[in-house]
2 protein chains.
Amino acid sequence: MTEMQKLGARAKQASYELAAANAGLKNAALCAIGLQLTQRADEIIAANSRDIAAARENGMSEAMIDRLTLTRARMEGIVSAVNSVALLEDPIGEVLGGITRPNGLRIVKTRVPMGVIGIIFEARPNVTVDAAALCLKSGNACILRGGKEAIHSNTALASIMRDAIAQAGLPADCILLVEDTSRESANEMMRLSGYLDVLIPRGGAGLIKAVVENSTVPVIETGTGNCHVYVDYNADPTMAADIIVNAKAQRPSVCNAAETLLVHKDIAPEFLPLAAKALAEKNVKLLGCERTRSILTGVAAATEEDYATEFLDYVLAIRVVEDVDEAIAHIARYSTRHSECIVTQDYKNSQKFMQRVDAAAVYINASTRFTDGGEFGLGAEIGISTQKLHARGPMGLREMTTYKYLIYGEGQIR
Amino acid sequence: MTEMQKLGARAKQASYELAAANAGLKNAALCAIGLQLTQRADEIIAANSRDIAAARENGMSEAMIDRLTLTRARMEGIVSAVNSVALLEDPIGEVLGGITRPNGLRIVKTRVPMGVIGIIFEARPNVTVDAAALCLKSGNACILRGGKEAIHSNTALASIMRDAIAQAGLPADCILLVEDTSRESANEMMRLSGYLDVLIPRGGAGLIKAVVENSTVPVIETGTGNCHVYVDYNADPTMAADIIVNAKAQRPSVCNAAETLLVHKDIAPEFLPLAAKALAEKNVKLLGCERTRSILTGVAAATEEDYATEFLDYVLAIRVVEDVDEAIAHIARYSTRHSECIVTQDYKNSQKFMQRVDAAAVYINASTRFTDGGEFGLGAEIGISTQKLHARGPMGLREMTTYKYLIYGEGQIR
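Each residue is numbered by its place in its chain's sequence as written, counting from 1. For naming, the first written chain is A and the first written ligand is 1, with later ones following in the order written. Residue-level local features of this predicted model are given only where pLDDT is at least 70; pairs of side-chain atoms are given and counted only at 80 or more, and the full residue set underlies all totals for whole chains, interfaces and linings. Side-chain metrics rest on all non-hydrogen atoms present in the structure, leaving aside hydrogens and water.

**Describing the side chain of Asp306 of chain B**
Residues and elements named next belong to chain B.
Here is step 1 of the chain: Helix numbering and strand numbering both begin at the N terminus, where a helix is a DSSP run of H or I of at least 4 residues and a strand a DSSP run of E of at least 2. Summarising the element assignment, Asp306 is placed in helix H13 (residues 304-307).
Here is step 2 of the chain: The side chain of Asp306 sits in the buried core without any salt bridge; Lys285 is the nearest counter-charge, 7.7 Å away.
Here is step 3 of the chain: Discounting residues that sit within four places of it in the chain, Asp306 has contacts with Leu287, Ala301 and Phe311. For every residue, the accessible area obtained with a 1.4 Å probe (protein chains only) is divided by the maximum for its type, and the residue is called buried under 20%, exposed over 50%, and partly exposed between those limits. When charges are counted, Lys and Arg contribute as positive and Asp and Glu as negative, whereas His and the chain ends are disregarded. Throughout this description, the term salt bridge denotes a Lys or Arg side-chain nitrogen within 4 Å of a carboxyl oxygen of Asp or Glu. Working rule for contacts: check all heavy atoms of both residues, and any pair within 4.5 Å makes them a contact.

Given below as structure tokens:
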């Protein structure tokens, strides 16, 4: 048995205890985590400062160092998130349906935990606590593998959380951290079939691609968003401008931000100058097709590659289209099936867009930025799925569960 | 673009039309398939006889040739199954939930097709029609890759089905057959991300393992069943014997057949001779632990490997255990998490077994043979999932779908 398999076996064993734990026990463990993280914040911040010192030595960018940094205020935010998770409804044990068959068999479909969830993430130590809390609440043991840049912070956080849940009466092994942050450990995790029931990568496109391509464990693909806003011929121009500015520039670094603006040819001469002005105020750089550039001056040419790119930046590609069908075809070609929006006052086009566009979230007259667990009322999210298997869009506690059929008989045979 | 990618692009294009088709149109297409298969049965049987001739030449076993053979009676069975699928309720468009958010956004979670489903299967031509019909009804285009042994049969079947649905008004490319039956074509299909939304292997353990290990497309793992029956200390011995005989011997070649019998030590001296006698009448060969062999004479020793084996044959491994906890631990170690059964009259043990055993279907006092789409009332099944992601246990039409969020706004931004 490799070290990773040993971790897997420990997590699996703990997962059986956790799956049988009631909501009261799980909530007590979450509260204990919040309390211990508060009481031992100094210890965590000291560990974090070792990560920061190493990061500076290795020339990490200030933006990345900021993401890595834990302060007392940020620790309070993390604890507050754990407490919010404790307040969410327990998804486990919900009866999803059932039937009594003609032969008298009573079949009850019941929500149960996945078992062991693996999470591979990068250098954000808040993910360590957030992911552990969501796994715990949904009855799943977790194996966490964060980036090497945060290893001291993560080791402190995991150790404190393990102490807390053990004190509350759950096996410490419900939360396990992979201390080996080499590339090999990530690859080993992707092959941990039999121990891991699902693997969720949280991070950039490169990480997600590597996991999808190499994992033999079932994966939930999260987070890549090449999202579009299509402005139809009779859209309210002010509403459309507000939506594209919000979708692009309110927080460009996130997956539900828009990357391409599609504009119906009839509204383009009126709308594009209005939109360009509002976007310029947010310092958004524009790239456009020929028709766009004949209306707007000083716009660079957009390439095929631009339309396929998730900029995650103050950059927006623009294309003028013939009609809603060309918009739908463009989206079918370039979309990552995350969030797509039509701005229109035309009923038929709104319905066509909703039906024909294949994405987790399809909006009429609203910003794509709403694709988020909190905004959808799920309470918290472990990520936003861009695949169709199992879960689509924001994944809350329910999306971290599966079901089993419980069948009550009196000796039935076939 | 490779030939396989071209197939993928055609299927994707057709899938948009099919996703927007209403139940009436899909049912008309299914009825057209049934009619054409009936009218052109001679053509199919002629193609099938070429496959059979080649199989005989290659020395295929009679059992395999029987699976490959299409007769007029079997064609009637296939057509009857297609007609049954037409009668099932259309799963598409079902509203699964929704919410109006405080900001007025109306979010409606709606059931939609997956898009394109890939199915890799072996030498059973009935699967070609069965899988195509279930995909069509659930609004999914399909790419079918059967075994080379059935290529003439499959080509005829697919061509007739494509004609039929085109006549009914759906794109012929809703049903596509991979005519290249080389190993490379299967490998290419496993890498067809961007075109295939899900891949379902239907066949033996070797095929399923290859797909799980090599696919970058999300996979639903089906069919491996190392199932157990545990006879508790106070079980009704006659009921327990009936259940193990049924679970083992009614149809040993299927995934929901039992492979290991676990017996509580207190009931073993009374129960094992009774069970052995009933199993002997079905010509079941027994392999046992030391305690089993001290009770039953002429039983060979069971090895660790035997307990891990899905025999799919008239062979049963037996182990005497201390109590329900040891039974649960044995199952946790060897089970493929398909179907597990306890025979007991003890309430506490029945509840513990249901809660602690991690499997798609957990039975009290009934044969594991009931894990089946028809027996569960799902109407039809595309397979039995042994993974936890997306679908677990028998997969009917609903399990071949996903959902999307439709969001109605009036200009909301964040």
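Still to come is the rest of the account.
**Re the state of the cysteines**
Residue and element names in this part refer to chain A.
Here is step 1 of the chain: Working definition: a disulfide is two cysteine sulfur atoms within 2.5 Å of each other. Tallying each qualifying case throughout the model produces zero disulfides over all chains.
Here is step 2 of the chain: As a non-bridged cysteine, Cys227 has Cys255 as the owner of its nearest cysteine sulfur, 7.0 Å distant.
Here is step 3 of the chain: Here Cys227 falls in the buried class, since its relative accessible area comes to 0%.

**Describing the pattern of salt bridges**
Here is step 1 of the chain: Tallied over the entire structure, the rule returns 60 salt bridges over all chains.
Here is step 2 of the chain: With a shortest N-O distance of 3.6 Å, Glu326 of chain A and Arg319 of chain A are connected by a salt bridge.
Here is step 3 of the chain: Look at the salt bridges and you will find they share partners, linking Lys12 and Asp197 of chain A together with Arg337, Asp358, Lys388 and Arg392 of chain B into a network.

**Some words on the relation of the copies chain A and chain B**
Here is step 1 of the chain: Take chain A, turn it by 180 degrees, move it 0.0 Å along the axis, and it overlays chain B with an RMSD of 0.0 Å. Within this description, the copies of the chain are treated as partners about a two-fold rotation axis. Minimal C-alpha separation from the rotation axis in chain A is found for His390 of chain A, amounting to 1.8 Å.
Here is step 2 of the chain: Interface overlap between copies is the fraction of interface residues in one copy that are interface residues in the other; for chain A against chain B it reaches 100%, indicating a shared surface. Least squares is the method for superposing the copies, and the C-alpha atoms it fits come from residues with pLDDT of at least 70 in both.

**Brief notes about the sheet that holds strand S13 (residues 361-366) of chain A**
Here is step 1 of the chain: Between any two strands, pairing holds if DSSP finds at least two bridges. In space, the 10 strands of this open sheet follow the order S10(A)-S9(A)-S11(A)-S8(A)-S7(A)-S12(A)-S13(A)-S16(B)-S2(B)-S1(B), with mixed pairing throughout. Unpaired on one side and paired on the other, strand S10 (300-301) of chain A together with strand S1 (95-100) of chain B mark the two borders of the sheet.
Here is step 2 of the chain: Pairing geometry for strand S8 (residues 258-264) of chain A and strand S11 (residues 315-321) of chain A, over five bridges, is parallel. Residue pairing across strands places Leu261 of chain A opposite Ile318 of chain A, the latter belonging to S11 of chain A.
Here is step 3 of the chain: Note on method: axes are straight lines fitted to C-alpha atoms, helices fitted across the in-contact stretch only, with angles between N-to-C directions ranging 0 to 180 degrees. Relative to the sheet, helix H10 (residues 237-249) of chain A contacts strand S7 (227-231), S8, S11, strand S12 (339-343) and S13 of chain A together with strand S16 (401-412) of chain B, its axis offset from that of S8 of chain A by approximately 160 degrees.

**Observations concerning the packing of aromatic side chains**
Both the distance between ring centres and the angle between the ring planes are used here to describe each pair of aromatic rings.
Here is step 1 of the chain: When two rings of Phe, Tyr or Trp (its six-membered ring) have centres within 6.5 Å they constitute a pair, described as stacked for plane angles under 30 degrees, edge-to-face for angles over 60, and tilted for the intermediate range. Within this structure, the stated rule accounts for eight aromatic pairs over all chains.
Here is step 2 of the chain: With a centroid separation of 4.9 Å and an interplanar angle of 70 degrees, the aromatic rings of Tyr405 of chain A and Phe376 of chain B are classed as edge-to-face. Residue Tyr405 of chain A is found in strand S16 (residues 401-412), and its partner Phe376 of chain B is found in the loop between strand S13 (361-366) and strand S14 (383-385); the two belong to separate chains.
Here is step 3 of the chain: When the ring of Tyr403 of chain B is compared with that of Tyr405 of chain B, the centres are 5.6 Å apart and the planes differ by 80 degrees; the resulting orientation is edge-to-face.
Here is step 4 of the chain: For Tyr405 of chain B, a relative accessible area of 5% translates into the label buried.
Here is step 5 of the chain: Ring pairing ties together the aromatic residues Phe376 of chain A together with Tyr403 and Tyr405 of chain B, which thus form one cluster.
Here is step 6 of the chain: Positioned over the ring face of Tyr307 of chain B is Arg319 of chain B, at 5.8 Å from the centre of the ring. Lysine NZ or arginine CZ positioned within 6 Å of the ring centre and within 35 degrees of the ring normal marks a charge as sitting over the ring.

**Description of the environment of Leu279 of chain A**
Residues and elements named next belong to chain A.
Here is step 1 of the chain: Relative to the elements of secondary structure, Leu279 occurs in helix H11 (residues 268-281).
Here is step 2 of the chain: Its relative accessible area of 0% is what places Leu279 among the buried residues.
Here is step 3 of the chain: Sequence spacing of Leu279 and Leu192 is 87 residues, and the spatial spacing of their C-alpha atoms is 47 Å.
Here is step 4 of the chain: Among all residues touching Leu279, those that are not within four sequence positions of it are Ile244, Val245, Lys248, Val284, Leu286 and Leu316.

**Looking at the environment of Ala55 of chain A**
Here is step 1 of the chain: Residue position: Ala55 of chain A is located in helix H3 (residues 41-57).
Here is step 2 of the chain: Those residues in contact with Ala55 of chain A that lie beyond four places of it in its chain are Met60, Ile65 and Leu68 of chain A.

**Observations concerning the interface of chain A and chain B**
Here is step 1 of the chain: Contacts between chain A and chain B engage 73 residues on the former and 73 residues on the latter.
Here is step 2 of the chain: Defined here as a combined quantity, buried area equals the accessible surface (1.4 Å probe) lost by two parts on assembly, summed across both. Regarding the contact of chain A and chain B, the summed buried area is about 6,200 Å², with carbon and sulfur atoms giving 53% of it.
Here is step 3 of the chain: If you sort the residues of chain A by the area they bury against chain B, Lys388, Leu389 and Arg414 of chain A come out on top, with a joint share of 14%.
Here is step 4 of the chain: Here the nonpolar group is Ala, Val, Leu, Ile, Met, Phe, Trp, Tyr, Cys and Pro; Asp, Glu, Lys and Arg are the charged ones; every other residue, Gly included, is treated as polar. When the residues that make up the side of chain A that touches chain B are grouped by side-chain class, the tally is 35 nonpolar, 18 polar and 20 charged.
Here is step 5 of the chain: The pairing of S13 of chain A with S16 of chain B spans five bridges and is classified as parallel.

**Let's talk about the nonpolar core**
Here is step 1 of the chain: Leu37, Val229, Leu261 and Phe271 of chain B are the most contacted members of the largest nonpolar core, which totals 99 residues.
Here is step 2 of the chain: Each residue touching Leu261 of chain B, except ones within four places of it in the same chain, is listed here: Val229, Val231, Ile244, Phe271, Leu272, Leu316, Ala317, Ile318 and Arg319 of chain B.
Here is step 3 of the chain: Put simply, a nonpolar core is a bunch of buried Ala, Val, Leu, Ile, Met, Phe, Trp, Tyr and Cys residues held in one set by side-chain atoms that sit within 4.5 Å of each other. Listed in part, the 98 residues of the second largest apolar core include Ala32, Cys142, Ile165 and Val343 of chain A.

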